[in-house]
Amino acid sequence: MALLLGVCAAVWPPSRVRGGGSIDVAPSEDLKEGDGVVYPLESGPILIMRNDGELRAFSAICTHLSCPVKWRKDSLDIYCACHGAVFNARGEKLKGPTAAPLEKIPVKEIGGRMIAQIG
Ligand code: FES
């Protein structure tokens with residue numbers, strides 16, 4: 001039983017987005033300026049946002065204890081409700097218990113689609 005608990009603790013909750021390669025996530029028109037949406041991919045949830053004319057993507061898993069994060073359009077930041085971590089629109093920590101920034105996910109637009117590169 002202890003071994004099973006150890007294995008579960010090692011893989012759940014996921015600490016980062018894994019594998020997958022090049023993934024067609026959604027139509028570009030999903031995101032207007034200032035929007036941010038979490039997409040629950042098989043490889044893990046990613047947050048894609050359009051801010052200052054740039055498309056950016058991050059793992060939607062908090063770097064503190066792996067709770068989900070969300071984009072707050074009103075304050076233009078990324079928030080984790082578990083322990084109050086706040087990240088700016090570049091995924092850098094602003095406040096809270098975590099030391100690490102959010103994991104960046106390369107994303108680009110091709111033919112009107114948002115394509116994420118999950119490594
Ligand atoms: S898990 Fe996000 S602040 Fe603790």
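Residues numbered from 1 in each chain as written. Predicted model: local features only at pLDDT ≥ 70, side-chain atom pairs only at ≥ 80, totals over all residues.

**Student:** Which parts of the structure should I look at to understand the pairing of strand β10 (residues 113-118)?
**Tutor:** Look at any regular strand and the pattern is simple: side chains alternate between the two faces of the sheet. Only one face of β10 is covered, namely the face carrying Met-114, Ala-116 and Ile-118; the face carrying Arg-113, Ile-115 and Gln-117 is uncovered. Note: strand β1 (residues 21-27) against β10, six bridges, orientation antiparallel. When the sheet's bridge partners are listed, Pro-27 is paired in β10 with Arg-113. Bridge analysis of strand β9 (residues 107-110) against β10 gives four bridges, and the strand direction is antiparallel. Across the sheet, Glu-109 pairs through a bridge with Met-114, a residue of β10. In this antiparallel pair of consecutive strands, β9 and β10, the connection spans two residues, and Gly-111 shows a positive phi of 55°. (Buried ≥ 20, exposed ≤ 12 C-beta atoms within 10 Å, placed from the backbone. Helix = DSSP H or I, 4+ residues; strand = E, 2+ residues; numbered from the N terminus. Pairing = 2+ DSSP bridges.)

**Student:** Looking at this model, I keep getting lost on the sheet that holds strand β8 (residues 93-95). Mind explaining?
**Tutor:** By way of backbone hydrogen bonds, the strands of a sheet pair with one another, either parallel or antiparallel. Strands sit in the order β5-β6-β7-β8 across an open sheet of four strands; the sheet is antiparallel. Edge positions in the open sheet fall to β5 (69-72) and β8, since each of these has one partner strand only. Two strands pair when backbone bridges link them, and β5 and strand β6 (residues 77-80) are joined in this way by four bridges, in the antiparallel orientation. Counted as the bridge partner of Arg-72 is Asp-77 from β6.

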